[in-house]
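A structural walkthrough
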Amino acid sequence: MKTLRSIDDLEAAALLEDGATPELEAVAARYAVAITPAISALIRQGEPGIAAQFLPDARELVTMPAENPDPIGDHSHSPVKGLVHRYPDRVLIKALHACPVYCRFCFRREMVGPNGDGTLDDAELEMIFDYIAAHPGIFEVIVTGGDPLMLSARRIGAMGERLARIPHVKLMRWHSRVPVVAPERVTAEMVRALAIPGRAVSIAIHANHRSEFTPAAEAAIARLADAGLVLLGQTVLLKGVNAETETLAALFRAMVVNRIRPLYLHHPDLAPGTSHFRLGIAEGQAIYGRLRGRLSGPAIPAYVLDLPGGHGKVPIGPDSLRQGPEGLEIRDPSGLWRAYPG
């Protein structure tokens with residue numbers, strides 16, 4: 001089987017409803033489409049939480065006034081092509097702009113795909129490495145894209161080894177969907193390339209629903225964990241996909257069972273054509289707040305929002321403290337307020 005990359009491909013695979021083609025052609029002309037065999041199989045099986053993430057939708061043609069092609073302000077913090085330096089102690093390398101799948105809610109959807117920003121060449125990467133070497137306050141380097149695990153194992157290994165030669169870079173993090181959407185790419189060669197002796201290397205795996213943890217995905221994740229790589233989880237809170245407490249709880253339990261520490265639950269960004277995925281922050285806080293008491297601490301990520309304009313990531317979980325009539329009150333896991341003598 002092959003990756004489906006056009007509306008014709010989706011029609012031929014019987015993944016679209018009858019009569020949907022004309023509007024979806026307009027969507028595909030603006031935003032890239034790619035659905036791997038692993039995800040196609042889940043859609044055919046009717047697995048919950050999958051189709052809406054990956055199948056193009058006519059609602060993507062609607063752009064709301066607050067939406068922005070660069071919703072988290074990457075460009076305003078890019079001193080060198082392909083590099084984002086938003087926080088003092090870490091930088092982001094956008095190594096390429098190809099993905100195994102193109103999520104319909106992606107906050108970089110204007111930058112990825114065949115018409116996106118492309119792949120950094122060796123000279124451009126060397127300029128990035130020179131910048132990092134010249135800034136000793138950089139402690140961590142995050143490699144993203146696109147999806148950096150779409151690079152060859154040779155190129156991944158070369159990047160890791162080059163970063164390891166910069167003394168003040170102590171942490172490396174790779175952000176990827178590959179282990180769940182194209183698990184066959186996680187070969188022994190790739191795992192060896194990712195593991196850099198003497199450096200803490202983590203893989204942040206993006207998954208939004210328990211259904212994504214197929215046997216093949218779990219085997220790929222195990223190959224990474226068995227090599228000593230630290231596995232972190234990233235999830236986007238999405239209306240119509242996972243915006244229910246029990247759905248999120250099942251996902252985060254699947255993560256910890258597979259040795260992934262849930263790191264972030266992202267409130268969806270203001271990317272163009274994604275308003276049908278977004279819910280209000282108060283609703284998100286209520287869903288997230290009900291995870292307390294249902295899940296143990298290591299299974300609960302931070303609920304965060306990337307502020308528009310490049311102002312950074314902030315926690316937006318529900319408040320647990322308030323000033324009551326007789327002093328401080330603290331919300332317990334069931335949602336009740338309890339007096340505290342502090």
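Coordinates for the structure precede this section.
Here is what the cut-offs are and how they apply
- Residues numbered from 1 in each chain as written.
- Predicted model: local features only at pLDDT ≥ 70, side-chain atom pairs only at ≥ 80, totals over all residues.
- Heavy atoms only, no water.
- Patch = residues over 30% accessible without salt bridge, like charges linked within 9 Å, V, L, I, M, F, W, Y side chains within 5 Å.
- Areas by Shrake-Rupley, 256 points an atom, 1.4 Å probe, with all protein chains shown as cover.
- Salt bridge = Lys/Arg side-chain N within 4 Å of Asp/Glu carboxyl O.
- Lys, Arg positive; Asp, Glu negative; His and termini not counted.
- Charge placed at Lys NZ, Arg CZ, Asp CG, Glu CD.
- Helix = DSSP H or I, 4+ residues; strand = E, 2+ residues; numbered from the N terminus.
- Buried < 20%, exposed > 50% of the residue type's maximum accessible area, 1.4 Å probe, protein only.
- Pairing = 2+ DSSP bridges.
- Core = buried A, V, L, I, M, F, W, Y, C linked by side-chain atoms within 4.5 Å.
- Polar contact = N/O pair within 3.5 Å; in protein donor to acceptor, adjacent residues only side chain to side chain.
- Axes fitted to C-alpha atoms, helices over the stretch in contact; angles between N-to-C directions.
- Contact = heavy atoms within 4.5 Å.

This paragraph deals with a negative patch on the surface. A cluster of acidic residues, Asp8, Glu11, Glu17, Asp18 and Glu25, forms a negative patch on the protein surface. Tracing the backbone through its elements, the reader meets Glu25 in helix α2 (residues 21-30). When its relative accessible area of 35% is taken as the criterion, Glu25 is described as partly exposed.

The next thing to look at is the pairing of strand β9 (residues 312-315). One ladder, built from four bridges, connects strand β8 (residues 302-307) with β9; its direction is antiparallel. Within the sheet, the bridge partner assigned to Leu307 lies in β9 and is Gly312.

So, about the nonpolar core. Of all hydrophobic cores here, the largest spans 91 residues; its most connected members are Ile93 and Ile132. Looking at this core element by element, the count peaks at six residues for helix α10 (residues 245-257).

Counted according to the given criterion, the structure contains 22 salt bridges. Salt-bridge contacts for Glu60 lead to Arg109; the nearest nitrogen and oxygen are separated by 2.5 Å. Residue Glu60 is located in the loop between α4 (51-54) and β1 (83-87), and its partner Arg109 is located in the loop between β2 (90-94) and α5 (122-133); the two are separated by 49 residues in the primary sequence. For the pair Glu60 and Arg109, one class covers both residues: buried. Note that Lys313 and Asp306 form a salt bridge whose closest N and O atoms lie 3.6 Å from each other.

What follows concerns the side chain of Asp332. Along the chain, Asp332 turns up in the loop between β11 (327-331) and β12 (337-339). A polar contact is formed between the side chain of Asp332 and the side chain of Arg338, at a distance of 2.8 Å.

Our next topic: the sheet that holds β1. Spatially, β1-β2-β3-β4-β5-β6-β7-β8-β9 is the arrangement adopted by the nine strands of the open sheet, whose pairing is mixed. Only two strands of the sheet have a single neighbouring strand rather than two, namely β1 and β9. Ignoring which end each strand starts from, the neighbouring axes of this sheet average 30 degrees apart. One ladder, built from five bridges, connects β2 with strand β3 (residues 140-144); its direction is parallel. Its bridge partner being in β3, Leu92 is matched across the sheet by Ile142. This element, helix α6 (residues 153-164), spans β2, β3 and β4 (171-176) of the sheet and lies at about 155 degrees to β4.

Geometry only, nothing functional implied.
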